Structure formats: C-alpha cells, structure tokens
Amino acid sequence: MASTFVAAFEILSFGAIIVLVVLGLGIIASMMGIFNFAQGEFVLLGAYITYLAFSRGVPIWAGMVAAPFIVGGLGFVLEALIIRRFYAAPIVAMLGTYALGLIIRESVRGLIGGFYLTVPEPIGGSIDLGNMHISAWRFTIIVITLLVMAGCYLLLSRTSFGLRVRATLENPALARASGISTPLIYGTTFAFGAALAGLAGALIVPVFSLFADLGIRFLIQGFVAVMVGGVGSFIGPVAGAGLIGTLSAALPWVMSPVVADVLVFVLAIAFIKFRPQGLISGRGV
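Note that the structure is a prediction, hence the values are computed from the model and not measured.

### Focus: the environment of alanine 167
Tracing the backbone shows alanine 167 in helix H6 (residues 160–170). You can call alanine 167 partly exposed: its relative accessible area is 28%. Along the sequence, alanine 167 and serine 178 sit eleven residues apart, while their C-alpha atoms lie 9.7 Å from each other. Those residues in contact with alanine 167, other than ones at most four positions away along the chain, are Pro172, Ala175 and Ile180.

### Topic: the nonpolar core
Grouped together as the largest cluster of nonpolar side chains are 80 residues, with contacts concentrated most on Phe42, Val148, Leu203, Leu210 and Phe218. With 16 residues, helix H1 (residues 2–32) is the largest single contributor of residues to this core. Leave out the neighbours within four places in its chain, and leucine 210 touches Leu44, Ala47, Tyr48, Tyr51, Ile112, Phe115, Tyr116, Leu117 and Val205. In terms of nonpolar packing, the next biggest core, distinct from the first, is built from five residues, Phe161, Val165, Ala175 and Ile185 among them.

### Regarding the UniProt feature "transmembrane region" (unreviewed entry) in the protein
Sites flagged by UniProt as "transmembrane region" (unreviewed entry) map to residues 6–27, 60–78, 85–104, 136–156, 184–211, 223–244 and 250–272. Each end of residues 184–211 is marked by a C-alpha atom, and these two atoms are 34 Å apart; helix forms 89% of the span and strand 0%. Within residues 250–272, the helical portion is 74% and the strand portion 0%, while the C-alpha atoms at the span's ends are 21 Å from each other.

### As for the side chain of arginine 105
Mapped onto the fold, arginine 105 is located in helix H4 (residues 90–112). Setting aside residues no more than four positions away along its own chain, arginine 105 makes contact with Glu41, Leu44, Ala212, Asp213 and Ile216.

### Looking at the packing of aromatic side chains
On inspection of all chains with the given rule, the structure shows six aromatic pairs. Both rings, one in phenylalanine 35 and one in phenylalanine 223, keep their centres 4.9 Å apart while their planes meet at 75°; by these two values the pair is edge-to-face. Highlighted residues: phenylalanine 35 in the loop between H1 and helix H2 (39–55) and phenylalanine 223 in helix H9 (residues 214–229), separated in sequence by 188 residues. When its relative accessible area of 14% is taken as the criterion, phenylalanine 35 is described as buried. Measuring from centroid to centroid gives 5.7 Å for tryptophan 61 and tryptophan 137, while their planes differ by 75°, and the two rings are edge-to-face. Note that tryptophan 61 is positioned in helix H3 (residues 60–81) and tryptophan 137 in helix H5 (residues 136–158), a separation of 76 residues in sequence. Under the relative-accessibility criterion, tryptophan 137 is labelled buried at 0%. Members of the aromatic cluster, connected to one another through ring pairs, are Phe35, Phe37 and Phe223.

Calculation notes
- Residues numbered from 1 in each chain as written.
- Predicted model: local features only at pLDDT ≥ 70, side-chain atom pairs only at ≥ 80, totals over all residues.
- Heavy atoms only, no water.
- Helix = DSSP H or I, 4+ residues; strand = E, 2+ residues; numbered from the N terminus.
- Buried < 20%, exposed > 50% of the residue type's maximum accessible area, 1.4 Å probe, protein only.
- Contact = heavy atoms within 4.5 Å.
- Core = buried A, V, L, I, M, F, W, Y, C linked by side-chain atoms within 4.5 Å.
- UniProt positions renumbered as here; feature names shortened; annotations may be inferred.
- Phe/Tyr/Trp six-rings, centres within 6.5 Å; stacked < 30°, edge-to-face > 60°.

Shown next, in the form of structure tokens:
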C-alpha cells in the first residue's frame, strides 16, 4: 500500500511539472496560433536564473520569484523584435523559434561549461504520513501548479485582460476596430507564456539539476501534450498535459524507461490520427 501511494505521488508530481511547462506553451499556441519551439529553452533560462541567484548568495526563493519576470520580459522583447514577423506563416514561426531556442541553449551551455549543476530544494525533507514519506518540495510543486492553473483560468476567463485576449484570438480585425491594441495583446500573451515556462524551470531545477539540455525533454512532451489536448482552449492543453505526464511517469514503473517514452509517443500519434482536434478543442491540429 505504501509503495503504491508513493508511486502515485511521483506520477502526480511529474504530471504537475508537465502541466507547468504546457500551460505557457498551450496559451501561446491557443491564443496566437503558433507553436513556440523555444519554450523548452525558456524553462532552461528559468532554471539558470535560479541557479545564478543561488550561486551569488541570493536566497533561492528570490531567484525563483525573479525567474518568471526576467524570462517574461525577454519573451516580450523577442516577440516585438522577431516573433510578430512570423504570424502569417506558422511554419516559419516554428523554425524561427527553434533557432531562437538553439541560440539560448548553446549560450547557456557555454556559460555553465557543459556541467550538471545542483540547486538545493528550498523546502527540504519529507512529509511523513504514517509509514509513508513523500518529498516536501515535490508536494509544494503540486500545490503551486494548482494555484497557477486556477490563476491562469481566472485571468483569461474572468478579467477584462482575458476578454481582450479572447477577442483578439477570435477576430483580430474586429478587436482592432474596437480599440484593442492587438500588438500589445500578442506581446503580453507571449511574455505571459514565457514567464510560465520560466517559473517551471525555477521550480524543477532542484529536482532535475541544471544542464544545457534540460528543456528539450519537456519541450517534446509539452508539444505532444498540446496536440493531444487540443489547440484553441485553455482546458485542452492542460488535459493533454495531465494525460501525457501521467503516462510518462507511470509507464517506467512497469517497463523500460526507453520503451515507455517510445510507447507514449506512439499512443499520442495514434490518438491524433483518429481525433486531430484533440481531447477538448474546436479547431484541428
């Protein structure tokens, strides 16, 4: 019983990490119509900023709080200078964001020298439930993920900013005619998605350590999760992230991790073949 509970907790905590990564990617894909292939590197930047703060003697919590704001600011600048030129050509946008991600990844690789660098957990130890012990930091990640999900949903569905974002998504020309600054909305939305990736990187670096290829795995899984969940809504990518994260964490308990990763992608491709609109979406992938 104890081992089953611990396994379920590990699966849930990994799923929460995937949800954090996919939230930003899904918002950008759903709201702006492009896939940001630099999203994994935004995760890497969030992790690097946290490590940099810690290595300079700054409290690790301060680095984690600063990471999403810095990464979001960088995302806003990149959207204004580069990304907005590609909205009319989504394929070119994918190639452009991939190139940006490559530049960021190799820059960080040069800064850290190709090493694996560790960052301590801000909340160490474990939570004891009878004879069961679960990581306090992984539990914190789950709680933060739930709060961020609720906050994002309320922001996009219950505020005037969310209304402007949804109006710009549905009909940009009418939104401009109504006085909405669509370039500002696009820039802010992209920055918000990048900030969520930065937050994900800051939270997971104590768990996975810092290395240059940290964001690649999460980018691939996040991309698959968005396609499975469906583009065009907030709930779709989150549902896809929960499904892909659960499978990615659960299958290695019963089979080889390599076989498990391949099986997850095969199942995802088969699902998309028969339901291209995703789990929850009104638009096709």
